[in-house]
Amino acid sequence: MSITTTCIPASKTNVNKVELPSNALVLPPTSQLQALLTIIRDEKTQRGDFVFTSDRIIRLLVEEGLNHLPVVPRTVRTPVGIDYDGVAFQGRICGVSIMRAGEAMEAGLRDCCRSVRIGKILIQRDEETCQPKLFYAKLPDDISERYCLLLDPMLATGGSCIKAIEVLLSHGVQEDKIIFLNLIASPEGINNVCLKFPKLRMITAWVDEGLDGHSYIIPGLGDFGDRYFL
Ligand code: PRP
Ligand code: URA
């Protein structure tokens with residue numbers, strides 16, 4: 001049994017109206033979401049407001065991500081002695097953040113799932129070549145038995161995300177148990193990730209226009225990690 005989600009296919013919101021894979025989903029483009037994104041995109045926004053506002057969008061993404069986990073029927077007795085036929089999550093989950101920027105999404109996940117286990121993969125893009133380099137991975141021992149919420153706010157070329165997914169798969173995680181949560185994605189990144197891993201689901205808050213000559217997302221918001229942490 002699974003719960004209906006409010007997400008829409010990424011293709012429907014893509015400004016360039018290019019075809020995007022069906023496993024890429026986008027949050028509904030409400031005026032609230034657009035107002036929040038406008039704040040974090042603004043180069044004049046100071047770190048306190050950037051963090052506060054990003055955290056609000058992250059919370060929306062986490063809540064939506066949880067809608068994609070399977071549930072099974074569960075009946076409970078209420079204090080007035082009546083049975084309520086509800087549901088319970090079927091499997092266990094863990095979060096995995098792609099450091100450093102992905103760590104900004106951990107608190108939002110913990111706010112919703114109190115004692116969630118969190119793994120970390122340190123991947124950095126080379127500033128010259130924009131190619132991702134894997135430095136470190138520390139994951140829960142039983143990660144192969146869990147649904148995995150992969151966390152990274154920025155999807156540009158997709159190279160970092162692809163490397164992180166390869167790490168998860170090499171640790172036995174099933175591709176269809178990976179849900180990638182992301183704030184801003186380029187169409188190039190979506191295609192690269194979602195076509196390579198068709199069973200994975202990705203949920204982003206917004207699909208941007210593309211990439212500039214340095215593989216930064218445009219219009220984007222600049223370097224998320226620097227703006228959130230430095
Ligand atoms: C950023 C971002 C992604 C990656 C996206 O991280 O958080 O991990 O770049 O780019 P890609 O899709 O082209 O791989 P970065 O390597 O700059 O490190 P940071 O998290 O320390 O900012
Ligand atoms: N990393 C970021 O933080 N921003 C981009 O636009 C691309 C990679």
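Refer to the structure above for everything that follows.
Bear in mind that the values here come from a model prediction, so they are computed numbers and not experimental data.

Chemist: Which residues make up the pairing of strand E4 (residues 83–89), and what are the values?
Modeler: Across seven bridges, the pairing between strand E3 (residues 71–77) and E4 is antiparallel. Across the sheet, the residue bridging to Arg-74 is Gly-86, located in E4. Counting the residues in the hairpin turn of E3 and E4 gives five residues, including Gly-81, whose phi is positive at 80°.

Chemist: Would you mind going over the site of ligand 2 in detail, with residue names and values included?
Modeler: Around ligand 2, the structure places Arg-125, Met-154, Ala-156, Ser-215, Tyr-216, Ile-217, Gly-222, Asp-223 and Phe-224. A distance of 2.8 Å separates an oxygen atom of ligand 2 from a polar atom in the backbone of Ile-217. Measuring from an oxygen atom of ligand 2, one finds a backbone N or O atom of Phe-224 at 2.9 Å. When ligand 2 sits alone it has 240 Å² of accessible area, and the protein chains cover 88% of it. Assessed atom by atom at 2 Å from the grid points, ligand 2 resides in the largest pocket. Looking at the shell around ligand 2 residue by residue, the class counts come to five nonpolar, two polar and two charged.

Chemist: Help me get a handle on the packing of aromatic side chains, residues and values and all.
Modeler: A complete count under the given rule lists three aromatic pairs for this structure. Following the ring pairs from residue to residue traces out a cluster consisting of Phe-50, Phe-224, Tyr-228 and Phe-229. Between Arg-125 and the ring centre of Tyr-216, over which it is positioned, the NZ or CZ distance is 5.4 Å. One residue, Lys-177, lies across the ring of Tyr-147, its end atom 5.0 Å from the ring centre.

About the thresholds
Residues numbered from 1 in each chain as written. Chains lettered and ligands numbered in written order. Predicted model: local features only at pLDDT ≥ 70, side-chain atom pairs only at ≥ 80, totals over all residues. Heavy atoms only, no water. Pairing = 2+ DSSP bridges. Helix = DSSP H or I, 4+ residues; strand = E, 2+ residues; numbered from the N terminus. Near = heavy atom within 4 Å. Polar contact = N/O pair within 3.5 Å; in protein donor to acceptor, adjacent residues only side chain to side chain. Areas by Shrake-Rupley, 256 points an atom, 1.4 Å probe, with all protein chains shown as cover. 1 Å grid on protein atoms, 1.4 Å probe; cavity = no way out; pocket = protein on both sides within 12 Å on 5 of 7 lines; lining within 4 Å. Sits in = over half its atoms within 2 Å of the grid points. Nonpolar A, V, L, I, M, F, W, Y, C, P; charged D, E, K, R; others polar. Phe/Tyr/Trp six-rings, centres within 6.5 Å; stacked < 30°, edge-to-face > 60°. Lys NZ or Arg CZ within 6 Å of the ring centre and 35° of its normal.

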